[in-house]
Amino acid sequence: RLSIMASMAQEESRKTSARVKWGQTRQMERGVVFGRSMLGYDVKDGVMTVNPEGAKLVQRIFHMYGLERLGSGRIAQILTNEGLCTPTGNPIWTSSYILKILKNEKYKGDLIQKKSYTPDYLSHQKKTNHGEEPMVVLRQHHVPIISPQLWELVQQERSRRDRHTVKGDSVHHALSGKMKCGMCGANFVARQKRSSCGNVILRWSCSTVVRGGPCGIRRLLRDDDAKQMLRQALAVLNIDRNAVVSQLIGILKAERETDTRRILTQRQNLQHKKEAVMDAYFSGNITAQDMQQMNDLYQHELDRLNSFLPSGLETLETEDDTTKEITSVLHALLNGTLDSDALYRTLIDQIVIYPDRHIELTLQCLPHIFYFNDEGVWPLAPHGG
């Protein structure tokens, strides 16, 4: 008797599930939206409306990727540094989230539903729909945020990068490629995390562990701790200040020349981008609104670069002035008051992190290995010694 009643209840559950799915499908075909609000759109009672503030951010993301040719990782870093939050309130933007936005057809006004389905009406576990059930596709369903021309441009750019670039967009930091795992030899990669007081903290971990590989190391290293190791290593050495000053003069001059060239190159690239926007508009690839928005954005960036350019072109009048400035730079570095990515990249050769709570640091043009653990730091014998 219990078996019969259980069978009847199960059959009734199946029929109810079938009726619900049928009803939802008919509603989807009539244009009712199933889902939550998203960046740029508010969803209420099955109706999708444009959220003006979110729409501007979506347009900016598409412009940065399609027209400025920025990677998804770089876009995520910019939005995180600006203190913007995702629709869920998360202050950390990720490359995968940016790519999810760029692939979402809702931003061009189309609606595709039933991207997931429930194969088992008893467990109610959802699975991605790879053709097991027909999707509901409605073209020009709602007001688009992105023009068809810009949408196609971004999709072509995505396809081009998928064919010609390594999977994923990388963000380069001062210590990128400098850190190695002492167990598997893989590079350490950077991940951002926001602290309780709102500051963004950069932490490094083994790329093998990040990918779910077999490396057993579980140690993380903060970016500011790694940079502090350089200052500690310099402090324990008997440094020939004159020799270091001489070398740092060359570093600073090269950095200034690099900064100036970078600014001039960026200005030239922005001019080319403004010309490309006009070409895209006259070719019909983007709308007049897109053209105006991009021109305003590029002009704002040009004005910002122009404000930096005079200082970038300044040169020190005498070698004595250069020596004085470099000496102050050296003291600032040793005192922990200087934060220059150019110096970190130039001076640090490699940092190897081991699981037994010790770290080894080597510097450019120096034979010593600097050994760090909980007790302090000291230079070991030269390489091979």
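Look up a bit, the structure's there.
Scope of this entry: the structure provided in the associated data block.

What counts, and where the lines are drawn
Residues numbered from 1 in each chain as written. Predicted model: local features only at pLDDT ≥ 70, side-chain atom pairs only at ≥ 80, totals over all residues. Heavy atoms only, no water. Phe/Tyr/Trp six-rings, centres within 6.5 Å; stacked < 30°, edge-to-face > 60°. Helix = DSSP H or I, 4+ residues; strand = E, 2+ residues; numbered from the N terminus. Buried < 20%, exposed > 50% of the residue type's maximum accessible area, 1.4 Å probe, protein only. Contact = heavy atoms within 4.5 Å.

Brief notes about the packing of aromatic side chains
Within this structure, the stated rule accounts for 4 aromatic pairs. Judged by centre distance (6.0 Å) and plane angle (20 degrees), the rings of Y41 and Y107 are stacked. Of the two residues, Y41 sits in strand β1 (residues 41-44) while Y107 sits in the loop between α4 (95-102) and β3 (111-113), which places them 66 residues apart along the sequence. With a relative accessible area of 2%, Y107 lands in the buried category. Linked through ring pairs, Y41, F62, Y107 and W151 together constitute an aromatic cluster.

So, the environment of L67
Here L67 is to be found in the loop between α2 (52-66) and α3 (72-81). Placed 209 residues apart in sequence, L67 and A276 show a C-alpha to C-alpha distance of 8.7 Å. When residues no more than four places from it in sequence are discounted, the contact partners of L67 are F62, L150, L153, K273, M294 and Y298.

A word on the side chain of S205
Within the secondary structure, S205 sits in strand β9 (residues 200-206). Look at S205 and you get buried, because its relative accessible area is 11%. Residues within four places of S205 in sequence aside, it is in contact with N187, F188, V189, V210, R219 and L220.

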